[in-house]
Amino acid sequence: MTPDNPIMTARALVLHDLEVTGVADADAVSLLEDAVAQRAWWLEQWPAGQDFIVGLVAQDVQDGLLERAGRWPVCPTCEDATHALYVEPDLGGPNPTWVCEEAGIEIAPIGRLSGGAPA
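Source: prediction; values computed, not measured.

Observations regarding the overall build of the chain
Piece 1. In terms of regular secondary structure, the chain is built from three helices and three strands.
Piece 2. When the elements of the chain are put in sequence order from the N terminus, they spell out α-α-α-β-β-β.
Piece 3. Rg of the C-alpha trace for the chain: 14 Å, near the compact-globule value of 14 Å for 119 residues, within the 12% margin.
Piece 4. Across the 119 residues in the chain, those meeting the buried criterion constitute 40%.

In structure tokens:
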């Protein structure tokens, strides 16, 4: 990952979170690849949007998974949680973080979710 390649950085960070949450199957990775391709085009049109790419790719994958498989990532902190984490800031950058809106807490930066079982 290099700072001069925000698309590949976004791909690696979101893939990490898919893997540690146990949902990095072929469909999820395909959604990620589609999001990366679409956001690469978006970034070509708006180079100043580089700081937003990681969060936007995460949100794209999250939206795609909701339609196909359900909420992702599920909150690991709330007991018996079935709600998803959300990306803050809302437009994905800079420094996007997974947050639990119900508890009002930051969980981890995108690409830094842990593999522990949900609480």
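Details of the packing of helix H1 (residues 6–20) against helix H2 (residues 26–45)
Piece 1. Two elements in contact, H1 and H2, have axes separated by 10 Å at closest approach and are oriented at 155 degrees. The pairing of H1 with H2 is recorded here as roughly antiparallel in orientation. Crossing hand, H1 versus H2: right-handed. Of H2, the residues touching H1 (which contributes Pro-6, Ile-7, Met-8, Arg-11, Val-14, Leu-15 and Leu-18) are Ala-28, Val-29, Leu-32, Glu-33, Val-36, Arg-39, Ala-40 and Leu-43.
Piece 2. When its residues are assigned to classes, the contact of H1 with H2 shows 12 nonpolar, no polar and three charged.

Overview of the packing of H2 against helix H3 (residues 53–68)
Piece 1. Two numbers describe how H2 lies on H3: the axes approach to 9 Å, and their chain directions differ by 140 degrees. Viewed along their axes, H2 and H3 adopt a mutual orientation that is oblique. As H2 packs across H3, the resulting crossing turns out to be right-handed. Along its contact with H2, which presents Asp-27, Ala-28, Leu-31, Leu-32, Ala-35, Val-36, Arg-39, Trp-42 and Leu-43, the element H3 presents Ile-53, Leu-56, Val-57, Asp-60, Val-61, Gly-64, Leu-65 and Arg-68.
Piece 2. Here the contact of H2 with H3 is built from residues that sort into 12 nonpolar, one polar and four charged.

Focus on unusual backbone geometry
Piece 1. Cis geometry is adopted by the peptide bond preceding Pro-73, which originates at Trp-72 and carries an omega value of -20 degrees.
Piece 2. For Pro-73, the position within the fold is in the loop between H3 and strand E1 (86–88).
Piece 3. The omega torsion of the bond from Glu-88 to Pro-89 falls at -5 degrees, within 30 degrees of zero and hence cis.
Piece 4. Secondary-structure assignment places Pro-89 in the loop between E1 and strand E2 (97–100).

Cut-offs applied
Residues numbered from 1 in each chain as written. Predicted model: local features only at pLDDT ≥ 70, side-chain atom pairs only at ≥ 80, totals over all residues. Heavy atoms only, no water. Helix = DSSP H or I, 4+ residues; strand = E, 2+ residues; numbered from the N terminus. Rg over C-alpha atoms; globule rule 2.2 N^0.38 Å. Buried < 20%, exposed > 50% of the residue type's maximum accessible area, 1.4 Å probe, protein only. Axes fitted to C-alpha atoms, helices over the stretch in contact; angles between N-to-C directions. Parallel < 35°, antiparallel > 145°, perpendicular 65-115°, else oblique. Left-handed = near helix turned anticlockwise from the far one by under 90°. Contact = heavy atoms within 4.5 Å. Nonpolar A, V, L, I, M, F, W, Y, C, P; charged D, E, K, R; others polar.

As far as function goes, none of this settles anything; it's purely spatial.
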